[in-house]
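Report on the structure
Chain by chain, the residues run as shown.
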Amino acid sequence: MTTPEADESQAPRPEERLEQAVRAAEQALIEYEIAVETFRVEVENFSRLHEQRLGPLYARIEELDAEIAEAKAARTGDPEDIRLAGEARGRVLPIPGVEELLHGWMDGDGLFPEATAMLTDQAVRPPQRVRPSEEARKLYRELARKAHPDLAQEEEERQRREDFITRVNAAYARGDEALLKELAEEWAAGPVPPERRPSPADELYARLEWLSQRKELLTLIARELEDGAIAGMLRLAPDDPDGLLEEIAARLRSDIAQREARLADLLAQG
């Protein structure tokens, strides 16, 4: 028979259920962050690929439209045709504003390799993969779960994890499977994170509130990504985004051929 003192010692602490709720919420948030980050990388890489493959084709169509309008205006001399030609040429001219001009060609580290190659008449490297490999995804998920900053209690440990996860995210965004493997080995060889100390109930409630706010922010980010045009294109062909781009490119090349033929006819008439 147990004594009242023994029963009391075995009774769960008042904060135990709250702590369990916090731990569950933390793990759920980490999984959600992984999903959102994976989706962001897919959208970002597909956007870059879209610009690399289709951007020149769209630009050629706009230039041909301007030349067709100008050829027509030169032939007819009609004021309305002249006005339309001016508008068409205006759409081809660079848009004022540095940010718009450099979008897709420059980041905080300078020009992207594609832009540098084009400016120096070098061969443009092949576009990046649309999505990281399955092995890279697996490595990323494992590292994100193990090294997530939200699992640290001490500020020093949290900072160490944040710095490490920043490197993991950068490697994952590039689909660098080899670097992700190196980072996994680095983490495995690193110091074992200290166990989290029991927190008072009020601190646990505050933690739950922060986790809830963080999830709301991630939901907004995910919704913004999902509502974008690039995500809409990805949904059309989730298993073969390269094929979708090639299909669009084929249609654009056909449009270009038709416009070139029309321009040739107009110039011949002039």
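Worth saying up front: this structure is predicted, and the values here are computed from it rather than measured.

1. Notes on the pattern of salt bridges
On inspection of all chains with the given rule, the structure shows 22 salt bridges. The salt bridge partner of Arg53 is Asp242, with a shortest N-O separation of 3.1 Å. Placement of Arg53 in helix α2 (residues 16–76) and of Asp242 in helix α11 (residues 241–269) is noted, with a sequence separation of 189 residues between them. Linked by salt bridges that have partners in common, Glu37, Arg40 and Glu44 make up one network.

2. Notes on the environment of Arg262
On the secondary structure map, Arg262 appears in helix α11. In this structure Arg262 comes out as partly exposed when scored by relative accessible area, which is 49%. The spatial distance from the C-alpha of Arg262 to the C-alpha of Leu64 is 9.4 Å, given a sequence separation of 198 residues.

3. What about the packing of helix α7 (residues 155–173) against helix α8 (residues 177–189)?
Relative orientation of the contacting elements α7 and α8 amounts to 160°, with a least axis distance of 9 Å. Viewed along their axes, α7 and α8 adopt a mutual orientation that is roughly antiparallel. Our pair here, α7 against α8, has a crossing hand that is left-handed. Residues Glu157, Arg160, Arg161, Phe164, Arg167, Val168, Ala171 and Tyr172 of α7 touch α8, and the partners they reach there are Leu179, Leu180, Leu183, Glu186 and Trp187. Residue classes in the contact of α7 with α8 are distributed as eight nonpolar, no polar and five charged.

4. Notes on α8
The end-to-end C-alpha separation of α8 is 19 Å, in line with the 18 Å expected for 13 residues at 1.5 Å each. Residues of α8 that are buried include every one of Leu180, Leu183 and Trp187, and no others. The arc that holds every buried residue of α8, seen down its axis, measures 60°, which confines them to one face. Facing away from the buried surface of α8 by more than 90 degrees, the exposed residues are Glu185, Ala188 and Ala189. Looking at the buried positions of α8, the neighbouring elements they touch are α6 (134–147) and α7.

5. Some words on the nonpolar core
In terms of nonpolar packing, the biggest core is built from 24 residues, with Val43, Phe46 and Leu54 touching the most fellow members. Looking at this core, the elements that each hand over two or more residues are α2, α10 (229–236) and α11. Considering each element in turn, this core owes the most residues, ten residues, to α2. Leave out the neighbours within four places in its chain, and Val43 touches Leu225, Ile230, Ala231 and Leu234.

6. Quick word on α2
Three- or four-residue spacings in an α-helix give side chains the same orientation, since the helix completes a turn every 3.6 residues. Relative to the 90 Å expected for 61 residues at 1.5 Å per residue, α2 spans 84 Å between its end C-alpha atoms, a close match to the ideal helical length. Along α2, the sharpest change in direction is near 45° and occurs at Leu54; proline Pro56 comes one to four residues later. The positive-phi residue at the C-terminal boundary of α2 is Gly77, with phi of around 70°.

Parameters and conventions
Residues numbered from 1 in each chain as written. Predicted model: local features only at pLDDT ≥ 70, side-chain atom pairs only at ≥ 80, totals over all residues. Heavy atoms only, no water. Salt bridge = Lys/Arg side-chain N within 4 Å of Asp/Glu carboxyl O. Helix = DSSP H or I, 4+ residues; strand = E, 2+ residues; numbered from the N terminus. Buried < 20%, exposed > 50% of the residue type's maximum accessible area, 1.4 Å probe, protein only. Axes fitted to C-alpha atoms, helices over the stretch in contact; angles between N-to-C directions. Parallel < 35°, antiparallel > 145°, perpendicular 65-115°, else oblique. Left-handed = near helix turned anticlockwise from the far one by under 90°. Contact = heavy atoms within 4.5 Å. Nonpolar A, V, L, I, M, F, W, Y, C, P; charged D, E, K, R; others polar. Expected span 1.5 Å × (residues − 1). Arc of directions from axis to C-beta. Core = buried A, V, L, I, M, F, W, Y, C linked by side-chain atoms within 4.5 Å. Bend = angle between axes of the 7 residues up to and from the residue.

By themselves, these observations are geometric and do not establish any function.
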